[in-house]
Amino acid sequence: MKNVFVYSDAFQTYRFSPEHPFNQLRVKLSYDLLQKGGFIREEQVVVPRIATEKEIALIHDQNYIEAVKKAGEGKLDKQTALQYGLGTDDVPMFAGMHEASALLVGGTLTAVDYVLEGKAEHALNLGGGLHHGFHNKASGFCIYNDSAIAIKYIQKKYGLRVMYIDTDAHHGDGVQASFYDDPNVCTVSIHETGRYLFPGTGDVNERGQGAGYGYSFNVPLDAFTEDESFLYTYRTLIREIAAYFEPDVILTQNGVDAHYYDPLTHLCATINVYQEIPKIAHEIAHEYCNGRWIAVGGGGYDIWRVVPRAWSLIWLEMNHMRNVASGLLPLEWVDTWKQQAPVQLPLHWEDPENMYKSIPRKQEIEEKNYLSLTKCLEPLRTNLKNMIM
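Just so you know, these numbers come straight off a predicted model, no measurement behind them. Each chain carries its own residue numbering, running from 1 in the written order of its sequence. Where local features are concerned, this predicted model is filtered to residues with pLDDT of at least 70; where side-chain atom pairs are given and counted, the filter is 80 or more; whole-chain, interface and lining totals use all residues. Think of the side-chain values as coming from all heavy atoms in the structure, minus any hydrogens and water.

(A) Structural context of the packing of aromatic side chains. In this scheme Phe, Tyr and Trp rings, the latter by its six-membered ring, pair at centre separations within 6.5 Å, and the angle between planes marks the pair as stacked below 30 degrees, edge-to-face above 60, and tilted otherwise. Counting across every chain of the model gives 21 aromatic pairs. With a centroid separation of 5.5 Å and an interplanar angle of 90°, the aromatic rings of F16 and F94 are classed as edge-to-face. In this pair, F16 sits in the loop between β1 (3–6) and α1 (25–36) while F94 sits in the loop between α4 (78–83) and α5 (97–116), placing the two residues 78 residues apart along the sequence. You'll find F16 and F94 in the same group, each marked buried. Look at F22 and F141: their rings are 6.3 Å apart centre to centre, the planes differ by 70°, and that puts the pair in the edge-to-face class. Of this pair, F22 sits in the loop between β1 and α1 while F141 sits in the loop between β3 (122–125) and α6 (146–158), placing them 119 residues apart in sequence. The same class applies to F22 as to F141, namely buried. Helix and strand assignments follow DSSP, with helices taken as H or I runs no shorter than four residues and strands as E runs no shorter than two, numbered in order from the N terminus. For each residue, the accessible area found with a 1.4 Å probe, counting protein chains only, is set against the maximum for its type, and the residue is called buried under 20%, exposed over 50%, and partly exposed in between.

(B) Local environment of the sheet that holds β3. The rule for pairing is simple: two strands pair if DSSP sees at least two bridges between them. Taking strand neighbours across the sheet as the criterion, the 8 strands line up as β2-β1-β3-β8-β7-β4-β5-β6 in an open arrangement whose pairing is parallel. The open sheet has two free edges, formed respectively by β2 (45–46) and β6 (216–221), since each of these has just one partner strand. Note: strand β7 (residues 249–253) against strand β8 (residues 293–296), 4 bridges, orientation parallel. Across the sheet, I250 pairs through a bridge with W293, a residue of β8.

(C) Representation of the side chain of N23 in the model. Residue position: N23 is located in the loop between β1 and α1. Among the residues examined, N23 registers a relative accessible area of 17% and is labelled buried. Residues within four places of N23 in sequence aside, it is in contact with R15 and I303. Two residues qualify as a contact provided that any one of their heavy atoms is within 4.5 Å of a heavy atom in the partner residue.

(D) Region of the structure containing the environment of V6. Inspection of the secondary structure puts V6 in strand β1. Spatially, the C-alpha atom of V6 lies 10.0 Å from that of L104, the residues being 98 residues apart in sequence. Among residues more than four places away in sequence, those in contact with V6 are F11, V46, P48, G107, T110, A111, L124 and N125.

(E) The arrangement of α5 in detail. Multiply 1.5 Å by the residue count of a helix minus one, and that product is the helix's expected span. A rise of 1.5 Å per residue sets the reference length of α5, with its 20 residues, at 28 Å; its end C-alpha atoms lie 29 Å apart and thus fit the reference within 8%. Counted residue by residue, α5 has 19 buried out of 20 residues, so it is predominantly covered. Taken from the residues just after α5, G118 is the one with a positive phi, measuring 80°.

(F) View of the packing of helix α8 (residues 227–245) against helix α9 (residues 271–288). Think of each axis as a best-fit line through the C-alpha atoms, taken over the contacting stretch in the case of a helix, with angles from 0 to 180 degrees between the N-to-C directions. Close contact between α8 and α9 brings their axes to 11 Å; oriented N to C, the two are set at 10°. Taken together, the axes of α8 and α9 are roughly parallel relative to one another. Residues D227, F230, L231, Y234, R235, I238, R239, A242 and A243 of α8 form the contact with α9, whose own contacting residues are N272, V273, E276, I277, I280, A281, E283, I284 and Y288. Classification used: nonpolar for Ala, Val, Leu, Ile, Met, Phe, Trp, Tyr, Cys and Pro, charged for Asp, Glu, Lys and Arg, polar for all others including Gly. For the contact of α8 with α9, the class distribution of residues is 12 nonpolar, 1 polar and 5 charged. Angles are sorted into four bins: roughly parallel if under 35 degrees, roughly antiparallel if over 145, roughly perpendicular if 65 to 115, and oblique for all others.

Written out as structure tokens, the structure is:
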């Protein structure tokens with residue numbers, strides 16, 4: 001079993017309300033696309049376990065965990081809930097929220113154990129990627145931070161150095177904060193500038209603190225960034241940091257909300273970006289980590305036209321099947337979901353040409369992004385230069 005896909009229909013129990021933009025139906029849509037295309041074998045699918053409270057407490061305060069449990073039982077008063085970031089528009093309280101959240105965390109821990117116990121080379125948990133959760137506070141649709149818990153779990157159980165790569169349009173603030181002073185965890189985030197978008201963090205000057213200084217990397221992209229600038233930034237950043245940090249394992253968070261169709265962001269990526277992101281991650285995993293690669297989901301709010309195609313590409317890359325992602329999508333998948341979809345489903349893996357009008361500030365945007373990338377990597381390059389000298 002070379003690669004595993006962690007999945008359960010129960011991922012959909014993590015649901016705030018019918019109107020809330022965070023909708024885990026997107027995981028089922030992605031899984032169904034892979035199934036109907038014949039791209040995933042039954043023996044590759046593994047059921048997630050539920051994370052224990054002790055595992056969740058690797059990152060989260062016990063009082064916060066108790067508050068989440070009470071919220072899910074309808075026993076948490078509004079004033080107390082707000083102190084923990086619960087009961088807000090972003091993170092409404094819902095029945096069973098602790099159990100639903102613990103399952104998403106358990107899915108990522110399941111992926112970790114399969115890879116690091118040598119039962120799989122790569123593992124994908126699209127139910128995970130909730131990167132905004134903090135030690136004692138929910139934020140940005142995220143209750144428990146599965147990626148941060150997984151990294152701490154990797155450190156304690158396996159003693160490995162972790163490179164965390166986050167390509168969500170929103171800055172991976174919760175994961176960064178959890179390891180800001182830790183030199184054995186390198187966090188890398190490419191995201192839309194916080195000038196326009198939640199959570200407002202992820203400036204290029206956020207480099208870590210104490211012993212962890214120089215192990216947090218951020219490149220905030222200007223609004224309306226297109227494929228070429230996004231991919232140049234990603235390729236350059238990931239390759240140089242991997243060569244510098246030499247990780248034992250990589251964990252990638254694969255938010256796909258930088259796509260032009262996404263309703264919550266302002267970037268102009270196309271599906272081409274999501275073909276390249278896992279390809280580079282795959283190469284890095286084999287070059288530095290003996291292939292050890294754990295991937296999770298993340299943001300993505302056009303769940304019909306973007307998320308299933310983009311997330312399927314991660315699995316196809318893991319299984320050396322990227323070439324099948326061309327031409328028509330599986331028609332059985334389109335026929336299954338077209339009546340339920342509120343928008344017209346895509347018929348092809350590729351995005352249409354001329355999907356959006358030309359961006360008039362293209363050169364200015366690319367120059368800003370290049371300067372941010374250069375500023376981000378400047379200390380790393382200086383260190384390497386001094387080491388050579």
